[in-house]
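So the chains spell out like this:
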Amino acid sequence: MSFIPKTSHPAGARRPAAIALGLAGALSMAACTPPGTTDDEPTVDSTAVAAPVTGDAPSCGADPVTLEAYVETGFPVFNELTAEFEKQFPNVTFNTREDQFAVITQNAPRVLVDSPPDLMRLPQVSELAKDGLLYDLDEYAAAFGWDEWPSSQLEQMRVNADGQRGDGPLYAMGINFSMTGVFYNKELAAQIGMTEAPKTLEEFDGYLQAAKDAGITPMAQFNGGATGGLAFPLQALMASYGDPSEINSWIYQREGATIDTPANLEATEHLNSWIEAGYFADDINSMDYSQMMSRFIGGESLFIFNGDWESGNLDAQMPGNAGFFLMPPLEEGGQLGAMSAPLTYGISANAASPDCAAFFLNWVATDETARTIDIEVGGSHPMGPTDAFMPDIDPASVTAQTLAAGATVGENNGAMDFIANATGAIYAKGWTPNLQKMFAGEQTPEGLLASVQASYEDEIGG
Amino acid sequence: MTASRRTGTSLNRRPSVSEPSLTPEARRRADRARRLRRGLPGLALVAPAAIVYAVFVLTPLGATIQYSFYEWDGITQATWIGFDNYARLFTDEELFGSILNAFQLILYFSLVPVTLGLIAAALIRKFGTSRLALVSRTVLFLPQVIPLVAAGIMWTWLMATDGAVNQFFRLIGLGDVTRAWLGDFDTALPAVGVIGAWVSLGLCMLLLLAGMTKIDPALYEAVRLDGAGPVREFMAVTFPAVRQELGVAITITVISALRSFDIIYISTQGGPGNSTLVPGLEIYYLAFLQREIGQASALAVALTVLVLAVVLPLHRLARGKEES
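Residues numbered from 1 in each chain as written. Chains lettered and ligands numbered in written order. Predicted model: local features only at pLDDT ≥ 70, side-chain atom pairs only at ≥ 80, totals over all residues. Heavy atoms only, no water.

Observations regarding the overall build of chain B
Inference 1: For chain B, the helix and strand inventory stands at 14 helices and two strands.
Inference 2: Over its C-alpha trace chain B gives a radius of gyration of 27 Å, far above what one expects of a compact globule, namely 20 Å for 324 residues.
Inference 3: C-alpha atoms of chain B, sized along the principal axes, occupy 95 × 75 × 30 Å.
Inference 4: In chain B, which comprises 324 residues, the proportion classed as buried is 38%.
Inference 5: In chain B, the share of contacts with a sequence separation of at least 24, taken over all contacts with a separation of at least 6, comes to 66%.
Inference 6: Carbon and sulfur atoms make up 67% of the accessible area of chain B, which amounts to about 17,900 Å² in all. (Helix = DSSP H or I, 4+ residues; strand = E, 2+ residues; numbered from the N terminus. Rg over C-alpha atoms; globule rule 2.2 N^0.38 Å. Buried < 20%, exposed > 50% of the residue type's maximum accessible area, 1.4 Å probe, protein only. Contact = heavy atoms within 4.5 Å. Areas by Shrake-Rupley, 256 points an atom, 1.4 Å probe, with all protein chains shown as cover.)

Have a look at this one:
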């Protein structure tokens, strides 16, 4: 080993020069122009790209078509739907690539530019729409009559020219819309004398205390890692205390919107009182989503805050033993709100067969078999007109309860998008760390809202 | 290698003596041409590797440096903002905090495994070639073979509320200390550190053991004749002899602490509440979640500089000792 320094000296003397040269070369290759696509490329300017509707009714035609799809893994509903579609339209073949949701989210812009899929599962679409990466689906909406559906179903997928959501052209379409609330274990509920869903928040608090007194963990809620699951109960409480439309304004990045309101503070304080009373399992800051599900299914927790996408799963895993209710209002008969969002799919601005992709999305919402798959496999309510076909469902199942709750939320106009979807990073950077800190007693309710609002402004301003 | 270089040097000198008629300028030129000719085959041999290196290492490095001066979402036109991204590294509590966390991790990823590795190696050396030494060596080295992701998953199970670690504490009557180790603000970073220490211990131990095996047994005999005990023996003979290996072990583990990503991504993802956020993870979040490619690049450049700033003096220290 000792000879190495000696022989390496002469070479070593030249090494910095060589590195400098190489670096300079590398820099000169890239340095002249700023990175990013230039404005003269049509696919990524900031103006909307309208979908090329050919003829009166877009369809998949009669020639063989291969639809490229990029979807979330672990959700069988999409594959069930495509299989049925291929059966009904034999000229269409789906070439489906699956990835974890996080992977899709991270790669969305690049994938939409580099290998444009006809259909892609997308998170919130505002930035992608602003960058001109998605088709404006308004003409399809007109051609298929989506405009006549309840406007709240499509609202979350509309993005205006400023990148604000809620109005403007339609940039994505749902294959169903999901909704969240509280699931409970009926056997455990019976042990504390809870035979029906609580009608007021006070009554709910009473059940939480009763469960704790009985030695039952009231709530197991995932809140570990990068997933602040306490955002679920928090948003539900916000809907009980305040106006769901104000929360939507904030999520849609409306001018001057703030999350730091007196009503939201009361909601956050209420959540904090649950934390201080010990109603949550004491290890939720290290609990992930699957741990929460296994504990709930295993009867180790009375309540969980979750969405109807688990209805089918719970009906299979704990048949007859799972119940569901929406977060109760402050006073009986008061307003009800719920996080409710479509399972969004977009069409790349460079897609090869946008007509056929749109036709598929329309088929999912209108075909009877497709709607049945949506409910039985997906557990969630299909998109479409209010009077559309609904399959028969066992009234004792939790799926039936979540569907009924969905209808109630619709009637109350209480649907909100998820507060974690306000900006690309608000969940990982705003909500999650602050909710984890509040659980550990290192953040106050006031501080939490102020801090989240600060990162929100930082993101939409920067 | 040393011999051939020497021959080369003498050959180079010979013409300057045998051709006195040439002017100094011409002689220098001829020398340079000859050196170049002689170097050509070498250059040709190096070229493929050099090209690959330039394309896959230097170009991305250059691009990262370039991006760090822009505000860029990765898709649309970037805006030049000079050193703003670098300034934010010092003013943004979260970014700066991630760097502080990385330095704290050095304690667990480097100091602990190197110290334990030194003790383990010294003990194993004592056992010599016995079966016990072989078994302990294998057991201690095993973590090195396991992929980091698997190690991370395994430890999250072990450190869960009802995991083996807490079960052990309850068994020995320490039920009060049990907690969700990776979900507690006070213990999350040390808990992640334990995983890192566990992974690096094997490599440190093996490296130091290799250093110890080349020590002349006569040295031990000599100190023992001088009446030294095991501790004195270790301090006088073993420790100075493995300084080089120690330098290598410290360098490797310090680098792995500063650029740690996988273990933390798997076990805590930076939580709870950013208490285990490290630069590697933050770069990933900035680039892929927040789409702030410029800020991510600036942190990446800063991290590279930081690693060099910490490791180069260590390297020099180890080399200096070696030469003395």
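Examining the pairing of strand 2 (residues 65-72) of chain A
Residue and element names in this part refer to chain A.
Inference 1: Where burial is concerned, most of strand 2 is hidden: six out of the eight residues are buried.
Inference 2: In this structure, strand 2 lies alongside strand 3 (residues 92-99), joined through eight bridges in parallel fashion. Bridging from a neighbouring strand, Val-65 pairs with Val-92 of strand 3.
Inference 3: Pairing geometry for strand 2 and strand 4 (residues 119-121), over two bridges, is parallel. Residue pairing for strand 4: Tyr-70 is matched across the bridge by Met-120. (Pairing = 2+ DSSP bridges.)

A short note on the state of the cysteines
Residue and element names in this part refer to chain A.
Inference 1: Scanning all chains against the criterion turns up one disulfide over all chains.
Inference 2: Residue Cys-60 pairs covalently with Cys-356 via a disulfide, S to S 2.0 Å. Taking the sign of the S-S torsion, about 90° here, the bridge from Cys-60 to Cys-356 comes out right-handed. Within this pair, whereas Cys-60 is found in the loop between strand 1 (49-50) and strand 2, its partner Cys-356 is found in helix 14 (residues 354-366), the two being separated by 296 residues in sequence. Considered together, Cys-60 and Cys-356 belong to a single accessibility category, that of buried residues. (Disulfide = S-S within 2.5 Å.)

Points about helix 2 (residues 24-67) of chain B
All names here are of chain B.
Inference 1: For helix 2, built from 44 residues, the straight-helix expectation of 64 Å at 1.5 Å per residue is missed by more than 12%, its first-to-last C-alpha distance being only 49 Å.
Inference 2: The largest bend in helix 2 is about 45°, located at Ala-47, with the proline Pro-48 one to four residues further on.
Inference 3: Every buried residue of helix 2 is accounted for by Leu-58, Gly-62, Ala-63 and Gln-66. (Expected span 1.5 Å × (residues − 1). Bend = angle between axes of the 7 residues up to and from the residue.)

Regarding the confidence of the model for chain B
A low pLDDT score tells you not to read the predicted coordinates there in detail.
Residue and element names in this part refer to chain B.
Inference 1: In this model, chain B carries a mean pLDDT of 87, and residues with pLDDT of at least 70 account for 92%.
Inference 2: Note that residues 1-18 has pLDDT below 50 and, in this model, seven contacts with residues that lie over four places away or in other chains.
Inference 3: Across the whole predicted complex the pTM is 0.82, and at the interface the ipTM reaches 0.77. (pLDDT = per-residue confidence, 0-100.)

Overview of the nonpolar core
Residues and elements named next belong to chain A.
Inference 1: With 75 residues, the main nonpolar core has Phe-204, Trp-250, Leu-271, Trp-274, Phe-303 and Trp-431 as its most contacted residues.
Inference 2: With seven residues, the top contributor of residues to this core is helix 9 (residues 231-241).
Inference 3: When neighbours within four sequence positions are excluded, Trp-431 is seen to be in contact with Leu-234, Met-238, Trp-250, Ile-259, Ile-419, Ala-420, Ile-426, Leu-448 and Val-452.
Inference 4: Residues Leu-67, Ala-108, Ala-141 and Tyr-345 belong to the second largest nonpolar core, which totals 57 residues. (Core = buried A, V, L, I, M, F, W, Y, C linked by side-chain atoms within 4.5 Å.)

Looking at the environment of B:Leu118
All names here are of chain B.
Inference 1: Summarising the element assignment, Leu-118 is placed in helix 4 (residues 93-127).
Inference 2: Residues Leu-118 and Leu-206 lie 88 residues apart in sequence; the distance between their C-alpha atoms is 9.4 Å.
Inference 3: Setting aside residues no more than four positions away along its own chain, Leu-118 makes contact with Leu-208, Met-212, Phe-234, Phe-239, Val-242 and Leu-246.

Describing the pattern of salt bridges
All names here are of chain B.
Inference 1: Using the criterion set out here, one finds 21 salt bridges over all chains in the structure.
Inference 2: When the shortest N-O distance is used, the salt bridge between Arg-88 and Asp-92 registers 3.2 Å.
Inference 3: In this structure, Arg-179 and Asp-184 form a salt bridge, with 3.5 Å as the shortest nitrogen-oxygen distance.
Inference 4: What emerges from the salt-bridge pattern is a single network uniting Arg-125, Lys-126, Arg-224 and Glu-233. (Salt bridge = Lys/Arg side-chain N within 4 Å of Asp/Glu carboxyl O.)

Looking at the packing of helix 10 (residues 230-241) of chain B against helix 11 (residues 243-258) of chain B
Angle between the axes and distance between the axes are the two parameters that describe a pair of packed helices.
Residue and element names in this part refer to chain B.
Inference 1: Between helix 10 and helix 11, the shortest axis-to-axis distance is 5 Å and the interhelical angle comes to 55°. Classed by the angle they form, the pair helix 10 and helix 11 counts as oblique. In this structure, helix 10 uses Phe-239, Pro-240 and Ala-241 to contact helix 11, whose residues at the interface are Arg-243, Glu-245 and Leu-246.
Inference 2: Per-class residue counts for the contact of helix 10 with helix 11 are four nonpolar, no polar and two charged. (Axes fitted to C-alpha atoms, helices over the stretch in contact; angles between N-to-C directions. Parallel < 35°, antiparallel > 145°, perpendicular 65-115°, else oblique. Nonpolar A, V, L, I, M, F, W, Y, C, P; charged D, E, K, R; others polar.)

A closer look at a negative patch on the surface
Inference 1: A cluster of acidic side chains, namely A:Asp260, A:Glu266, A:Glu269 and A:Glu446, defines a negative patch on the protein surface.
Inference 2: Along the chain, the position of A:Asp260 falls in the loop between helix 10 (244-251) and helix 11 (262-277). (Patch = residues over 30% accessible without salt bridge, like charges linked within 9 Å, V, L, I, M, F, W, Y side chains within 5 Å. Lys, Arg positive; Asp, Glu negative; His and termini not counted. Charge placed at Lys NZ, Arg CZ, Asp CG, Glu CD.)

Side note on helix 4 of chain B
Residue and element names in this part refer to chain B.
Inference 1: The end-to-end C-alpha distance of helix 4, which contains 35 residues, comes to 50 Å, matching closely the 51 Å that a straight helix rising 1.5 Å per residue would cover.
Inference 2: Along helix 4, the sharpest kink reaches roughly 30°, centred on Leu-105.
Inference 3: You can read the cap of helix 4 off the contacts: a side-chain oxygen lies 2.8 Å from the backbone nitrogen of Glu-94, and it is on Asp-92.
Inference 4: Phi for Gly-128, located one or two positions after helix 4, is positive at around 65°. (Polar contact = N/O pair within 3.5 Å; in protein donor to acceptor, adjacent residues only side chain to side chain.)

Some details on unusual backbone geometry
Inference 1: Cis rather than trans, the peptide bond between B:Gly271 and B:Pro272 has omega equal to -10°.
Inference 2: Tracing the backbone shows B:Pro272 in the loop between helix 12 (262-267) and helix 13 (279-289).
Inference 3: Of note in this structure, A:Gln253 is not a glycine but carries a positive phi near 60°.
Inference 4: Looking at the secondary structure, you find A:Gln253 in the loop between helix 10 and helix 11.

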